[in-house]
Amino acid sequence: MCGHCCNSDLSLLTEVFNDMNGNGDNLISVLQKAQDIYGYLPTDVLYEIAEKTGNSPAKVMGVATFYTQFRLKKVGKYLILLCKGTACHVNGADSIEKAICEELKIQDGDTTEDGLFSLKTVACLGCCSLSPVMMINEDTYGSLTPAKTVEILREIRGREAK
Amino acid sequence: MRIVIGEGSCGIAAGAGKVHTKLSSYLVNSDIEIGIAGCIGMCFLEPIVDIYDGKKLLKRLVKVKEEDTENIAVSLRNNDFEALKKYEISTEDSVFLEKQTRIALRRCGLIDPESIDAYTSDGGYSALKKALTSMSPEEVIEEIKISGLAGRGGAGFPTWFKWNAARNSEGTEKYLICNADEGDPGAFMDRAVIESDPHALIEGMLIGAYAIGAKNAFVYVRAEYPLAIIRLQKAINEAMEKGFLGNNILGTSFSCFLKIKAGAGAFVCGEETALIESLEGKRGMPRLKPPFPAEKGYENKPSNINNVETFANVAWIIENGGKAFSSMGTENSKGTKVFALTGKIKRGGLVEIPMGLTLREVIYDIGGGIRDDKEFKAVQLGGPSGGCIPKELLDTVIDYKALNATGAIMGSGGMVVMDEGTCMVNMARFFLDFTTKESCGKCVHCRIGTKRMFEILTRITEGNGKDGDIELLEELCDGIRSGALCGLGQTAPNPVLTTIKYFRHEYEAHINEKKCPAGECAALRTYHINEEKCKGCTLCAKKCPVNAISGKVKEAHIIDITKCIKCGQCKEVCRFDAVEIK
């Protein structure tokens, strides 16, 4: 990690640091805001945050890797959050994961080559009564079957191809 | 006339937002008002549209689809209620609500969660007024003591005791914290309360802050609940404007400020000391207790932490008196409890019942029993810290003591029902997979012990279980239970211990006979075709990726189990249900 190879536009962080002063804002909130700006947490951004918040890079990295919300890699245009909570498990979430992996040819945590889709399994989305459930960006899809899941993915891909 | 659409997260996921937009467009230029409410808890019937005349509910329309909206709008314009009959909730499904007693959820799904006026006109904030103007903090704590309210986050610790300890703790700067990091997979009670009645949480917290003497309060909400965060922030802003929050609340000397802190996704942060670490911007790793948070919590100042549902009960108790609350329930568990009823259940959703009902009453009378008329096998309570309760114990009453005696716990309220098709070994493996990932890594027993257990459970479900594996699991459980610092580790063995206790035969079948009795573990399945059911349509043979199926057209097919890779595609395509798992 050199911290200088990602060339992120660090000026975008100015506002985050300005907001931080006196507001009692902590490292987690700063990282959340940074991720909202860049879509993930590039290495140079982490170094910048370490410097401006007065933390060691190791501590910043420690926090960023502890919480599942933080991403250190770029994600695709469509982020699929597949719920693997208890209710979804009982209602067949594994078969949905298999269908997504086969259709997109990626594994959990990966992004498709064209940068369109990323897959991330999550503990629980709290929509248990619609299980199995997945979220694609802001939209929630419930009562999934493998066939229905593939149909949804193909529909998005078709829309994007136009 | 007013129509109200239930728009909690699951309602929206089921299409309530689209129904709302369509209805609005069809009802332009009519005198029918359209509003929203939170979640009524009948998730199995979403999207739900309620029709009111003033405060009176005239009709409840369920499972409303986008394409139904035009019809509904026309009927509403013509006052033709007869035409709405086909969308109306059935008497059978109405039982779901009728059998409940709602305190924490009393306004959920009934009022507009985005309007403080809706809350105050329904009597909201009157309990706060009562507490601030006619009760001392000690009297508030006494009332909570009388009520018998216990922490609804899972541990069931008496709320008054925590409040009292924080109140008596030295120091003038104290903090009140709400734990809304609802991490148990299969639980969504807290989300529903915040999304549907955020002011109930704020009011309960304010009363708590007054009781312990805190000027600053936080709500730690999990990041996976964006709608809850939006609605709570809106509620906080409105409460500030109306003088229910801020300096000199309701003209008294009591001041309190409330802030939201969004969690960043770590199950262990539901543990109170880990939550405090996270609030301070650090990795969420539990602290050694004592000192307890009541002495040294957030920023080393006295702090009190309660769960959302606990706070949601507070205003009701102050308003109606502690005795009214403690008159419900059993000897050792007072009041009501909210459960998120899910899994293989006919009617899934939010259920609030007085303590003392039996599991059977909740699952069968309220939940309607098992879906697709299958056989009930077990119910899982308390998420990764809880356990599975078998059929023989369905008449166990719901109270802290009775549930603990089964080896499960009350937990925060997740109640996942399983049928005959659920493998209990795989269920235990599922929870250990979860705890392995969520263990913060601080304690060796938890970090490595759960990993070893997960590996053993994995090999059992893959048909590689060895003689002595069950005993090894039990030994590990014992070690983790006594060697872990926090609740996550100490309770992590529960799913394994309860499944071994009640379903030992399933473990033995996996290990000794290499069979999964529920037919769920893929590696232990054998597929075969029922000759009588097979019509010889050849669909399965065409679909099979390894050409393991042979047979002539219109004649029964055969699967060569030496070639079969157990992918299950033949079963999926078969239209005659002829492919069976053994």
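Cut-offs and rules
- The numbering scheme is per chain: residues are counted from 1 as the chain's sequence reads.
- Key to labels: chains lettered from A, ligands numbered from 1, both in the order written.
- Whole-chain, interface and lining totals are the exception, using all residues; otherwise, since this is a predicted model, local features are given only for residues with pLDDT of at least 70 and side-chain atom pairs are given and counted only at 80 or more.
- Excluding hydrogens and water, the side-chain figures rest on all heavy atoms present in the structure.
- By definition, two strands form a pair when at least two bridges between them are found by DSSP.
- Here a strand is any run of E in DSSP of at least two residues, a helix any run of H or I of at least four, and the numbering for each starts at the N terminus.
- Only C-alpha atoms enter the line fits that serve as axes; for helices the fit covers just the stretch in contact. Angles between N-to-C directions range over 0 to 180 degrees.
- Should any heavy atoms of two residues lie within 4.5 Å, those residues are considered in contact.
- All the domain ranges listed were derived from an automatic or database domain assignment.
- Helix span is expected to be 1.5 Å times the residue number reduced by one.
- Buried residues are those whose accessible area, probed at 1.4 Å on protein chains only, stays under 20% of the maximum for their type, while exposed residues exceed 50% and partly exposed ones sit between those limits.
- The salt bridge criterion pairs a side-chain nitrogen of Lys or Arg with a carboxyl oxygen of Asp or Glu, the two atoms within 4 Å.
- Positive residues here are Lys and Arg, negative ones are Asp and Glu, while His and the chain termini are left out of the count.
- Angles are sorted into four bins: roughly parallel if under 35 degrees, roughly antiparallel if over 145, roughly perpendicular if 65 to 115, and oblique for all others.
- Only Asp, Glu, Lys and Arg are considered charged in this grouping, and only Ala, Val, Leu, Ile, Met, Phe, Trp, Tyr, Cys and Pro are considered nonpolar; every other residue, Gly among them, is considered polar.
- Buried surface area refers to the total accessible area, computed with a probe of radius 1.4 Å, that the two partners give up upon joining, counted for both partners together.
- In the analysis that follows, any N or O atom pair within 3.5 Å is treated as a polar contact, provided that within protein one partner can donate a hydrogen and the other can accept it, and provided that, for residues neighboring in sequence, both atoms belong to side chains.

Caption draft 1: Spotlight on the sheet that holds strand 4 (residues 139-141) of chain A. Residues and elements named next belong to chain A. The 4 strands lie next to each other as 2-1-3-4, forming an open sheet whose pairing is mixed. This sheet does not close on itself; its edge strands, each paired only once, are strand 2 (117-122) and strand 4. Looking at each pair of strands side by side, their axes are set apart by 20° on average, direction ignored. Pairing of strand 3 (residues 134-136) with strand 4 involves 3 bridges; the strand directions are antiparallel. Looking across to strand 4, one finds that Ile136 is bridged to Asp139. Here helix 6 (residues 93-104) sits on the sheet in contact with strand 1 (78-83), strand 2 and strand 3, set at roughly 155° to strand 1. Across the face of the sheet, helix 7 (residues 146-161) comes into contact with strand 1, strand 2, strand 3 and strand 4 while running at roughly 5° to strand 3.

Caption draft 2: Spatial organisation of the domain arrangement of chain B. Partitioning chain B into structural domains gives domain 1 (2-89), domain 2 (116-325), domain 3 (336-419), domain 4 (424-513) and domain 5 (525-581). The C-alpha centroid of domain 5 of chain B is placed 46 Å from the C-alpha centroid of domain 1 of chain B.

Caption draft 3: Structural detail: the sheet that holds strand 8 (residues 303-307) of chain B. Residue and element names in this part refer to chain B. With parallel pairing, 4 strands are arranged side by side in an open sheet as 7-6-5-8. The open sheet has two free edges, formed respectively by strand 7 (257-262) and strand 8, since each of these has just one partner strand. Across this sheet, the average inter-strand angle for adjacent strands is 20°, counted without regard to direction. Inspection of the sheet shows strand 5 (residues 175-180) paired to strand 8 by 5 bridges, in the parallel sense. Bridging across to strand 8, Asn179 finds its partner in Asn307. Where helix 11 (residues 226-241) meets the sheet, it contacts strand 6 (216-221) and strand 7, and its direction lies at approximately 165° from that of strand 7.

Caption draft 4: Representation of helix 10 (residues 198-212) of chain B. All names here are of chain B. Helix length check: helix 10, at 15 residues, gives a terminal C-alpha distance of 21 Å against a target of 21 Å (1.5 Å per residue), a fit within 8%. Most of helix 10 is tucked away: 15 of the 15 residues are buried. Trailing helix 10 by a residue or two, Gly213 shows a phi angle of about 85°, which is positive.

Caption draft 5: Spatial organisation of the pattern of salt bridges. Residues and elements named next belong to chain A. Scanning all chains against the criterion turns up 39 salt bridges over all chains. The shortest N-O distance in the salt bridge between Glu155 and Arg159 comes to 3.1 Å. Here the residue Glu155 and the residue Arg159 both occupy positions in helix 7, the gap between them amounting to 4 residues, near one helical turn. A residue is classified by how much of its surface remains accessible, and Glu155, at 47% relative accessible area, is partly exposed.

Caption draft 6: Molecular detail of the pairing of strand 12 (residues 387-390) of chain B. All names here are of chain B. Side-chain alternation along strand 12 places Gly387 and Ile389 on one buried face and Cys388 and Pro390 on a second face that is also buried. Here strand 11 (residues 376-381) runs beside strand 12; their pairing, made up of 4 bridges, is antiparallel. Each residue of the ladder has a partner; that of Leu381, found in strand 12, is Gly387.

Caption draft 7: Spatial organisation of the side chain of Glu203(B). By the secondary structure assignment, Glu203(B) is in helix 10. We note that Glu203(B) is buried and unpaired, the nearest opposite charge coming from Arg107(B) at a distance of 5.2 Å.

Caption draft 8: Here's a closer look at the pairing of strand 13 (residues 414-419) of chain B. Residues and elements named next belong to chain B. Taken across its 6 residues, strand 13 has 6 buried, putting it largely inside the fold. Covered by surrounding structure in strand 13 are Gly414, Val416 and Met418 together with Met415, Val417 and Asp419, the residues of both alternating faces. Judged from the 4 bridges that link them, strand 9 (residues 336-343) and strand 13 form a sheet pairing that is parallel. Note that in strand 13 the partner of Ala340 across the bridge is Gly414. Summarising the sheet, strand 11 and strand 13 pair through 5 bridges and their orientation is antiparallel. Bridge pairing in strand 13 links Ala378 to Met418.

Caption draft 9: The packing of helix 10 of chain B against helix 13 (residues 308-320) of chain B, seen in detail. Residue and element names in this part refer to chain B. Between helix 10 and helix 13, the shortest axis-to-axis distance is 7 Å and the interhelical angle comes to 75°. By the angle class used here, helix 10 and helix 13 are roughly perpendicular. Contacts between helix 10 and helix 13 pair Ala200, Leu201, Glu203, Gly204, Met205 and Ile207 from the former with Val308, Phe311, Ala312, Val314, Ala315 and Ile318 from the latter. Tallied by class, residues from the contact of helix 10 with helix 13 come to 10 nonpolar, 1 polar and 1 charged.

Caption draft 10: Region of interest: the interface of chain A and chain B. Counting residues at the interface gives 34 residues for chain A and 49 residues for chain B. Taken together, the two surfaces of chain A and chain B that pack against each other cover about 3,000 Å², and 57% of this comes from carbon and sulfur. Linking chain A with chain B are 0 salt bridges. Here chain A and chain B share 13 residue pairs in polar contact (both at pLDDT 80 or more) between them. Among the secondary structure elements, those contributing two or more residues to the side of chain A that touches chain B are helix 2 (27-38), helix 4 (57-66) and helix 5 (86-90) of chain A. Of the residues belonging to the side of chain A that touches chain B, the class tally is 14 nonpolar, 16 polar and 4 charged.

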